[in-house]
Amino acid sequence: MSINIAVLGAQWGDEGKGKIVDMLTPHFAAVARYQGGHNAGHTVYVQGKKFVLHLIPSGILHPGVTCIIGNGVVVDPQALFKEIDELAAMGVAVDGRLVISEKAHVILPYHRELDVLSEARRGERKIGTTSRGIGPAYEDKIGRRGIRVCDLLGDPAALAEEVRENVSARNRIIRDSTLEWQPLLEQILAYGERMRPWVGDVSLLLARMMREGRRVMFEGAQATLLDIDHGTYPFVTSSNASAGGVCTGLGVPPRAIGGVLGVAKAYTTRVGEGPLPTELSGELADRLREGGQEYGASTGRPRRCGWFDAVVVRYSARINGLDALALTKLDVLDGLPDVRLCTGYRTSQGTITEFPADLRTLAAATPVYETLPGWSAPSKGATRLEQLPAEARRYIARLEEVSGVECAIISTGSDRAETIVTPGSVVAGWLGGPHVAAGRT
Ligand code: IMP
């Protein structure tokens, strides 16, 4: 059966989607990003080499796999070229395998400035963005004044008018700024020329591939709790990171999505501002941060760490229709005397088990925990369920019960080999399909 699947974050990002996408890629003909930009950072280890991908789907590390950047993504040409050059230096060629939607919006230098300025103006209420210009680029898109990839390749006179108008609007926002539009136009036209060979009609390409029975993986960036509609607004990113974004961000129909895999850490992390009900401090937080190397792949910022929050993951399961979870970084919990699962929140209105919309409720919520025994034997490196300590298996079983989703993949280390695919799980079924791209760089 030819099933296309979406792989997306079920928490606040950095769940280890890169590793999961990388290990599943040999079963797919294409990997397609549907939202976000180079605010994402997917770290993948291949034969001891570390690759950090921001914009290009991690499928690029597998020869023969087509990598697609959808219309829902915002593309910074400079960041794109840097990534392409870095991949080339490590022996990975993108030519003939990278397709960028002609409808994708472009991040320009003034978007980055506006991002930094907007954060500075918010002061204490800042979002903690990655300063990559993501929000302002999406603002221009929704405000119907954005510049798309196809504009860089079209009529230069029409582009000149757009650039002039956008630069003068921006100069009105940034006081004392005198950005000149002509040099920017020249720069943008040069970007367009370099991008030209990779630009195409992504929706058409995907429709053809799917008609031919070639399987596609839809790759999410950021995560459900950072989704502009369903996340912890306003402490979110500016795109639809949840499953709904697949259709709008690639031009594929809902029925094209045959399965949805949510990626969740065995604990919780968040980078940037906003409430995190299970957040820990002190020694335990440090232990998780060091054990899990919880530092942002894009910005290097230390991540905030806390216990697994089943309210969050159950909410993600509902929003995305998760068929299964890929549970990552289980090994980071190795050696703890006990482990905790958050099953509800105590609030002024009593105990709640559904994720609240109002951030004040969330910020004031006290987690309700279940405490389970930890495990002293390592889970690290396990490739079969039987190799896991009994207490780790009990933790997973209870986590599945309270989250309402099965763990079809369990990751026990950063290497691709350190993974368990649960026999008989929905993912085991998906992987029964044809292998389209064996081998790797
Ligand atoms: P922006 O996407 O740069 O506008 O940042 C908005 C929020 O999303 C901030 O809290 C960021 O820390 C967070 N964010 C953006 N990209 C990622 C990511 O890849 N992982 C985790 N958090 C992210």
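Just so it is clear, the model here is predicted, and its values are computed rather than measured.

Take the domain arrangement of the chain next. By the assigned domains, the chain splits into domain 1 (5-102 + 201-430) and domain 2 (105-198). The C-alpha-based centres of domain 1 and domain 2 are spaced at 29 Å. Together, the buried faces of domain 1 and domain 2 total about 2,600 Å²; carbon and sulfur atoms form 58% of this surface. The tally of links from domain 1 across to domain 2 stands at three salt bridges. Where arginine 194 meets aspartate 85, a salt bridge forms, and the shortest distance between an N and an O atom there is 2.9 Å. Secondary-structure elements contributing two or more residues to the side of domain 1 that touches domain 2 are β6 (74-75), α2 (77-89) and β7 (98-101).

What follows covers the nonpolar core. One finds Phe218, Leu250, Phe308, Leu325, Leu330, Leu333 and Tyr395 to be the most contacted residues of the largest nonpolar core, which totals 55 residues. Excluding its chain neighbours within four sequence positions, the residues that come into contact with leucine 250 are Ala32, Arg33, Tyr34, Ile68, Gly70, Asn71, Val202, Ser203, Leu206, Phe218 and Gly245. In this structure, Val44, Ile84, Leu87 and Ile174 belong to the second largest nonpolar core, which totals 41 residues.

Next up on the list: the pattern of salt bridges. Going through the model one piece at a time under the given rule, you end up with 20 salt bridges. The residue arginine 304 makes a salt bridge to glutamate 279 at a minimum N-O spacing of 3.0 Å. Linking arginine 304 in strand β13 (residues 304-306) with glutamate 279 in the loop between β12 (268-270) and α10 (282-291), this pair joins segments that are 25 residues apart in sequence. Overlapping salt bridges, with partners in common, bring together Asp14, Lys265, Glu294, Arg303 and Lys329 in one network.

The next subject is the packing of helix α3 (residues 109-122) against helix α4 (residues 134-142). Two elements in contact, α3 and α4, have axes whose closest approach is 7 Å; the angle formed by their N-to-C orientations is 115 degrees. Relative to α4, α3 is oriented roughly perpendicular. Here α3 and α4 pass one another in a crossing that is right-handed. Facing Tyr110, His111, Leu114 and Asp115 of α3, the residues of α4 in contact are Ile134, Pro136, Ala137 and Asp140.

This part is about the side chain of asparagine 71. Here asparagine 71 lies in the loop between β5 (66-69) and β6. Accessibility expressed as a relative area gives 14% for asparagine 71, which makes it buried. Asparagine 71 has contacts with Ser101, Lys103, Ala104, His105, Lys141, Thr248, Gly249, Leu250 and Gly251, leaving out every residue within four places of it along the chain.

What follows covers the site of the ligand. Near the ligand, the surroundings consist of 15 residues, among which Asn39, Thr130, Thr237, Val271 and Arg301 are the closest. Residue valine 271 places a main-chain N or O atom 3.0 Å away from an oxygen atom belonging to the ligand. Between the ligand and arginine 301, the relevant distance is 3.0 Å, taken from an oxygen atom to a side-chain nitrogen or oxygen of the residue. Here the ligand has 470 Å² of accessible area as a free molecule, and 96% of this is covered by the chains. Each residue belonging to the shell around the ligand can be placed in one class, and the counts come to six nonpolar, seven polar and two charged. The two domains that each donate at least three residues to the shell around the ligand are domain 1 (5-102 + 201-430) and domain 2 (105-198).

Conventions we followed
- Residues numbered from 1 in each chain as written.
- Predicted model: local features only at pLDDT ≥ 70, side-chain atom pairs only at ≥ 80, totals over all residues.
- Heavy atoms only, no water.
- Domains from an automatic or database assignment.
- Buried area = accessible area lost by both parts, 1.4 Å probe.
- Salt bridge = Lys/Arg side-chain N within 4 Å of Asp/Glu carboxyl O.
- Helix = DSSP H or I, 4+ residues; strand = E, 2+ residues; numbered from the N terminus.
- Core = buried A, V, L, I, M, F, W, Y, C linked by side-chain atoms within 4.5 Å.
- Buried < 20%, exposed > 50% of the residue type's maximum accessible area, 1.4 Å probe, protein only.
- Contact = heavy atoms within 4.5 Å.
- Axes fitted to C-alpha atoms, helices over the stretch in contact; angles between N-to-C directions.
- Parallel < 35°, antiparallel > 145°, perpendicular 65-115°, else oblique.
- Left-handed = near helix turned anticlockwise from the far one by under 90°.
- Near = heavy atom within 4 Å.
- Polar contact = N/O pair within 3.5 Å; in protein donor to acceptor, adjacent residues only side chain to side chain.
- Areas by Shrake-Rupley, 256 points an atom, 1.4 Å probe, with all protein chains shown as cover.
- Nonpolar A, V, L, I, M, F, W, Y, C, P; charged D, E, K, R; others polar.

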